[in-house]
Amino acid sequence: MLNKLAELHKLCFPDRPWSASDFADLKKSGCEIVASDNGFIVWRAVADEAEIISIGVAPDARRNGIAGALILIMEQELKKQSVHNVFLEVSEVNIPAKKLYEKYGFKPTGTRPKYYNGIDAIIMRKDIS
Ligand SMILES: CC(C)(COP(=O)(O)OP(=O)(O)OC[C@H]1O[C@@H](n2cnc3c(N)ncnc32)[C@H](O)[C@@H]1OP(=O)(O)O)[C@@H](O)C(=O)NCCC(=O)NCCS
């Protein structure tokens, strides 16, 4: 399963692929991973707050609602654990991801200047309580 996730991650993030061992380390560090054949989401919950660590959908499967469905699955799981807030960081130039998060109710709450190789990161947050 972790090898398949690594293949999928490479399709989604060709410039910075994660290996199967990176995914194993994420699991060991307490991250939750939900994946289908074409998409995955990784998050970490601490107390009543969770961070989306990564989300990706294979290029030939995009715009079919897969990422949105993965976000909703994550939220269902978090609600069961009484987690009330979800946040993430997204590059300000990643329009598909920013639009995805906006569609699912995330609002910008801050900026990390020059976070991604000189490009600002936008912090987005959603109350799921
Ligand atoms: C961002 C990403 C995960 C979206 O996955 P997806 O399965 O295509 O997203 P969905 O089909 O669920 O799209 C939901 C909404 O997101 C927005 N959206 C998704 N892709 C978009 C695009 N290329 N342009 C504009 N809006 C987009 C739309 O509002 C869309 O709703 P709509 O189709 O009804 O208009 C995917 O493009 C991807 O894997 N990108 C590379 C990895 C990445 O950047 N991950 C995010 C890191 S923070």
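Bear in mind that the values here come from a model prediction, so they are computed numbers and not experimental data.

Definitions and limits used
Residues numbered from 1 in each chain as written. Predicted model: local features only at pLDDT ≥ 70, side-chain atom pairs only at ≥ 80, totals over all residues. Heavy atoms only, no water. Helix = DSSP H or I, 4+ residues; strand = E, 2+ residues; numbered from the N terminus. Buried < 20%, exposed > 50% of the residue type's maximum accessible area, 1.4 Å probe, protein only. Near = heavy atom within 4 Å. Polar contact = N/O pair within 3.5 Å; in protein donor to acceptor, adjacent residues only side chain to side chain. Areas by Shrake-Rupley, 256 points an atom, 1.4 Å probe, with all protein chains shown as cover. Nonpolar A, V, L, I, M, F, W, Y, C, P; charged D, E, K, R; others polar.

A. Here's a closer look at the environment of Ala 47. Relative to the elements of secondary structure, Ala 47 occurs in the loop between strand S2 (39-46) and strand S3 (49-57). Residue classification places Ala 47 among the exposed residues on the basis of a relative accessible area of 69%.

B. Region of the structure containing the site of the ligand. What surrounds the ligand is a group of 20 residues, the closest being Val 57, Arg 63, Gly 65, Asn 94 and Lys 103. Interatomic distance of 2.7 Å between a side-chain N/O atom of Asn 94 and an oxygen atom of the ligand. Lys 103 has a polar side-chain atom sitting 2.8 Å from an oxygen atom of the ligand. Within the complex, the protein chains bury 78% of what would otherwise be the 920 Å² of accessible surface of the ligand. Mapped onto the shell around the ligand, the elements with two or more residues apiece are S3, helix H3 (66-80) and helix H4 (95-103). Split by residue class, the shell around the ligand holds eleven nonpolar, five polar and four charged.

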